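So you can see what is in the structure, the chains are spelled out below.
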Amino acid sequence: MPHPPRSGYGPAPTAGTRLYTLSQDASLLAIDTATNAVAPGEGVPGLSASDVALGPDGHTFYALSVADLRIIGF
């Protein structure tokens, strides 16, 4: 359901969520599902197999193993 317009508060937030995927250069990309575009500043560059990285927000870990990606928020 779309968000109603908010007068005086800037644009309303989009209804999209994030899809996290790995690029060929082993960077974690955050894709905005509302626009199908990479969300700038939300990815994690330079991950390798069996790696853990702290995300740009400072409170989310991204754990990569050979089989899966786990997103751990605290």
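In what follows, the structure referred to is the one given above.
Residues numbered from 1 in each chain as written. Predicted model: local features only at pLDDT ≥ 70, side-chain atom pairs only at ≥ 80, totals over all residues. Heavy atoms only, no water.

**Details of the side chain of Thr 60**
Just so we agree on the cut-off: What counts as a helix is a DSSP run of H or I of at least four residues, what counts as a strand is a run of E of at least two, and both are numbered from the N terminus. Burial status follows relative accessibility: with a 1.4 Å probe on protein chains alone, a residue under 20% of its type maximum counts as buried, one over 50% as exposed, and anything between as partly exposed. Between N or O atoms, a polar contact is any pair within 3.5 Å; within protein, one atom must be a potential hydrogen donor and the other a potential acceptor, and residues adjacent in sequence are included only when both atoms are from side chains. Should any heavy atoms of two residues lie within 4.5 Å, those residues are counted as being in contact.
Here Thr 60 shows up in strand β5 (residues 60-64). The exposure class assigned to Thr 60 is buried, which follows from its relative accessible area of 10%. For Thr 60, the side chain forms a polar contact with the side chain of Asp 57, separated by 2.7 Å. With residues near it in sequence (within four places) discarded, Thr 60 still touches Ala 53, Leu 54, Gly 55, Ile 71, Ile 72, Gly 73 and Phe 74.

**Quick look at the sheet that holds strand β6 (residues 69-73)**
Using the following cut-off: One requirement defines pairing of two strands: DSSP has to find at least two bridges between them. The convention used is that axes are lines fitted to C-alpha atoms, helices contributing only their stretch in contact, and that angles between N-to-C directions extend from 0 to 180 degrees.
One open sheet accounts for 3 strands, arranged β4-β5-β6; its pairing is antiparallel. Of all the strands in the sheet, the pair left with one neighbour each is β4 (51-54) and β6. Each strand of the sheet is rotated relative to its neighbour by a mean of 20°, with strand direction disregarded. As judged from the 5 bridges shared by β5 and β6, these two strands associate in the antiparallel manner. Opposite Tyr 62, over in β6, you have Ile 71 as the bridge partner.

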